[in-house]
Amino acid sequence: MPEIDPTEYEIAALGPKIKDVDDPDEIEAMLELEAAGENRDPVKTLLEDRLEKLTAEDEDIDPSEVDLTELTVADVANLVRDIDDADVLRDVLEREQAGQDRKTAKSRIESRIESIEGSEDEDGDGPAYVPPEEKYPELDHPTSEKRWVEGTVGGTYRDMWVYCETQQGALIDVSREMLGKARRMMDQYNGEATGETDEEAPTQDYGGDEDGAPEEVVAVLIGDGVGELADEAIACGADRVVYHEDERLGRFRHQPYTEIFCHMCRDSEFAFRDYHEPRYTLFPATHNGRDLSALVQGELDSGLASDCSGLYIEDAMISNPAKTGQAGDSKEFERILHMKRPDFSGFEYSTILCIDKPHRDFHPQGGSVIPGSFAVPDPDPEREGEVVEHEMELDESWFSVAVTEYDQLDDGVDLTGHDVVVAMGRGIGDDPTRGIELGLELVDAFEDAAFGLSRGVITSSYSFDGHVEQYVGEDRQIGESGQVVEPEVYVAAGISGAIQHKVGMDESDTIVAVNTDPEADIRDFSDYFVEGDLFEVLPRLTEALESGELATAMQEVSDD
Ligand SMILES: Cc1cc2nc3c(=O)[nH]c(=O)nc-3n(C[C@H](O)[C@H](O)[C@H](O)COP(=O)(O)OP(=O)(O)OC[C@H]3O[C@@H](n4cnc5c(N)ncnc54)[C@H](O)[C@@H]3O)c2cc1C
């Protein structure tokens, strides 16, 4: 019987668990249990993948012994990738020729030999580069007509540009967070870091740009009357503010905002900028920021890492032939923005790099940033910076859609600023209505508490009775795509602790989790972990609060 019974887990919870299982027999036993029980295909695939990885690690293959006729071309490519001895490779090549003589397999082996011994081309540069439009003249792909594809080869790049979103005439928090983070990164980058550094992800010290001149943090403001916010952006870390204001821009509009941002980035007549395009761009991962980031990065023919929560700059050693231009080569790319983002429901982090390739630059290296990922900086009113007004004609056709009427949503539910937040997760699944009631009763027992939810509840298909339905909506969601709260006490009942939830609450002073699973991730960042069923624990907590018992107990704890 394996230690982990897969039938007791959802696939999202099982993934991280089996990463620690190193025994193939254990995984096989889990596969059998799953097949005999729930028999879910995705779970079986997950287990099979893990098994394959473990057995592959176990096999120490001797290339001279391998029977090539039993390998697919992909297997051959994988095999030769790990061989560094050209003679061994030649032996493999001869055996392939004598056997199945597959063209692709032979070319993989030959290119591996070539990458070890060096290219036999006279100039060593490999095959001559033919631009895509010449190579495929029959293709009428729009990209081949874009002005800036051709412009972004061997360009010059500088500075970190931060798009500062505003609402009702004020910078939103994430704009200030990004300015603070950009400041810290560029101070380290320029070798000018004083005091506060990014302990978690320090940026490499380059001593400034390629000529040793410091690079800047450039705040971009677009909207109606946004010039007034320039001083605040500087106080939060910008060296320079570029703003474009127009009364037609009071509301976010895709086209004019994109056109203006891109024009600021690449217009050769825009005086302050003596480089081709920004080196880095940051946008907030808000509704509008996500929209703008994708449009701008697409228009500038670069890439985008969306929803990042970690950033730093350092060199990266890359061996992908699409980037190095030569199979088997490794190449160091300098000044690469490493953009970390949670994936697979937050159980894994990916680091996204936006890297040039031969004959094609990919700049700016851009990402959008999850609100709440970085600290809001203390503004420094003494900081000095330059303010530049950007001007361009705004085409009337960009405003062809007129907003004639709109509904102002209710202010929604503000979960911030309360002493206590009680949040419910999918642990309410056995009786969702009762689960919400219990959470609300606990909220009432505190003097100043708010009621929140994990996204798991909001996206579930639970049906709720009418009297609690009003409490289940996105406006109560806590986390990456919801609100960020920092109460004195955060009660998380039936919440597993996925990263997207964590970023919305882990700055709370005291976190109390109630969960039936002693291994739930939330345990790692809780101050108190109550292993138990929320349907039993919550009423007891409420009762203890109402009777004053909890306050006495807490007082005793703090006296000790
Ligand atoms: C781009 C993106 C953005 C996201 N944004 C957010 C966000 O802002 N906020 C957010 O919350 N999520 C967000 N998510 C979803 C997130 O990844 C998780 O899926 C979600 O947080 C899980 O919710 P949960 O913890 O309630 O459910 P689950 O992960 O299913 O956990 C339920 C927990 O309840 C426990 N439990 C079960 N029964 C009981 C019981 N009777 N008593 C006590 N405990 C019990 C279980 O042991 C389990 O730990 C986002 C995902 C993506 C991809």
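Provided above is the structure to which this section pertains.
Residues numbered from 1 in each chain as written. Predicted model: local features only at pLDDT ≥ 70, side-chain atom pairs only at ≥ 80, totals over all residues.

1. Thoughts on the overall build of the protein chain
When helices and strands are counted, the protein chain shows 19 helices and 17 strands. In the protein chain, which comprises 560 residues, the proportion classed as buried is 35%. At a minimum sequence separation of 6, the contacts of the protein chain that also span at least 24 residues come to 66%. (Helix = DSSP H or I, 4+ residues; strand = E, 2+ residues; numbered from the N terminus. Buried ≥ 20, exposed ≤ 12 C-beta atoms within 10 Å, placed from the backbone. Contact = placed C-beta atoms within 7 Å.)

2. A short note on the site of the ligand
As a matter of local geometry, the ligand sits amid 33 residues, with Gly425, Gly427, Arg455, Gly456 and Gly479 nearest to it. For the shell around the ligand, the secondary structure elements donating two or more residues are helix H15 (455-458), helix H17 (499-502), strand S16 (510-515) and helix H18 (534-547). If one sorts the elements of the shell around the ligand by residue count, H15 sits on top with three residues. (Near = placed C-beta within 6 Å.)

3. A word on the sheet that holds S16
The parallel open sheet is built from five strands, whose spatial order is S14-S13-S15-S16-S17. Two strands in the sheet have a free side with no partner beyond their single neighbour: strand S14 (449-453) and strand S17 (528-531). Averaged over all neighbouring strand pairs, the angle between strand axes comes to 15°, with direction disregarded. Its contacts with the sheet place helix H14 (residues 432-445) against strand S13 (420-424), S14 and strand S15 (489-493), and it is angled at close to 175° to S13. Packed on one face of the sheet, H18 meets S15, S16 and S17 and runs near 135° to S16. (Pairing = 2+ DSSP bridges. Axes fitted to C-alpha atoms, helices over the stretch in contact; angles between N-to-C directions.)

4. What about the pairing of S13?
Within S13, five of the five residues are buried, leaving the element largely enclosed by the surrounding structure. Of the two faces of S13, the one holding Val420, Val422 and Met424 and the one holding Val421 and Ala423 are both buried throughout. Two elements, S13 and S14, share five bridges in a ladder whose sense is parallel. For Met424, the partnering residue across the bridge sits in S14 and is Leu453. Crossover S13 to S14 through H14 is right-handed. (Right-handed = clockwise from strand over helix to strand, strands pointing away.)

5. Structural notes on the packing of H14 against H18
Relative orientation of the contacting elements H14 and H18 amounts to 20°, with a least axis distance of 9 Å. Between H14 and H18, the angle is such that the two are roughly parallel. Of the two possible hands of crossing, H14 and H18 adopt the one that is left-handed. For the pair formed by H14 and H18, the contact residues are Arg434, Gly435, Leu438, Gly439, Glu441, Leu442 and Ala445 on the first element and Leu534, Phe535, Leu538, Pro539, Leu541, Thr542, Leu545 and Glu546 on the second. Across the contact of H14 with H18, the residue classes tally to nine nonpolar, three polar and three charged. (Parallel < 35°, antiparallel > 145°, perpendicular 65-115°, else oblique. Left-handed = near helix turned anticlockwise from the far one by under 90°. Nonpolar A, V, L, I, M, F, W, Y, C, P; charged D, E, K, R; others polar.)

6. Let's talk about the sheet that holds strand S8 (residues 310-318)
Two orientations exist for strands paired in a sheet by backbone hydrogen bonds: parallel and antiparallel. What the three strands build is an open sheet, ordered S8-S9-S10; its pairing is antiparallel. With partners counted over all chains shown, the strands left at the sheet margins are S8 and strand S10 (348-352), one partner each. Ignoring which end each strand starts from, the neighbouring axes of this sheet average 40° apart. Relative to S10, strand S9 (residues 331-343) is paired through five bridges, and the arrangement is antiparallel.

7. Notes on helix H5 (residues 86-98)
Given a rise of 1.5 Å per residue, 13 residues ought to cover 18 Å, and the 18 Å separating the end C-alpha atoms of H5 matches this to within 8%. Contacts made by the buried residues of H5 are with helix H4 (73-81) and helix H6 (103-117). (Expected span 1.5 Å × (residues − 1).)

8. A look at the packing of H5 against H6
At a minimum axis distance of 10 Å, the contact between H5 and H6 shows a crossing angle of 165°. One element, H5, and the other, H6, form an angle in the roughly antiparallel class. In the crossing of H5 with H6, the sense of the turn from one axis to the other is left-handed. Here Ala86, Leu89, Arg90, Val92, Leu93, Glu96 and Gln97 of H5 lie close against H6, whose contacting residues are Ala105, Lys106, Ile109, Glu110, Arg112, Ile113, Ile116 and Glu117. Across the contact of H5 with H6, the residue classes break down as eight nonpolar, one polar and six charged.

9. A closer look at unusual backbone geometry
For the bond running from His363 to Pro364, omega is -5°, close enough to zero to count as cis. As for its placement among the helices and strands, Pro364 is situated in the loop between S10 and strand S11 (365-369). Unlike most non-glycine residues, Asn39 shows phi in positive territory, near 55°. If you trace the backbone, Asn39 turns up in the loop between helix H2 (24-36) and helix H3 (41-58).

10. Things to note about the nonpolar core
Counting 54 residues, the largest nonpolar core has Val162, Ala219, Val220, Leu221 and Ala233 as the members making the most contacts within it. Split by domain, the residues of this core number at least three in each of domain 3 (157-309 + 363-395) and domain 4 (420-559). Residues within four places of Leu221 in sequence aside, it is in contact with Cys164, Thr166, Val226, Leu229, Ala230, Ala233, Val241 and Tyr243. One finds Val420, Val421, Val485 and Ala492 within the second-largest nonpolar core, a separate group that totals 37 residues. (Core = buried A, V, L, I, M, F, W, Y, C linked by C-beta atoms within 7 Å. Domains from an automatic or database assignment.)

11. Comments concerning H18
Given a rise of 1.5 Å per residue, 14 residues ought to cover 20 Å, and the 19 Å separating the end C-alpha atoms of H18 matches this to within 8%. Restricting attention to buried positions, one finds in H18 the residues Leu534, Val537, Leu538, Leu541, Thr542 and Leu545. Mapping the buried residues of H18 onto a view down its axis gives an arc of 130°, with all of them on the same face. For H18, the exposed residues lying more than 90 degrees away from the buried face are Glu536 and Ser547. (Arc of directions from axis to C-beta.)

12. So, the environment of Leu295
The topology assignment puts Leu295 in helix H12 (residues 287-299). Exposure remark for Leu295: the 18 C-beta atoms within 10 Å place this residue in the partly exposed category. Those residues within four positions of Leu295 in sequence are excluded, and the remaining contacts are His254 and Thr258.

13. Here we look at the environment of Gln168
Following the sequence through the fold, Gln168 ends up in the loop between strand S2 (166-167) and strand S3 (170-171). By the C-beta count within 10 Å, which is 5 here, Gln168 ends up exposed. With 56 residues separating them in the primary sequence, Gln168 and Asp224 have C-alpha atoms 9.9 Å apart.

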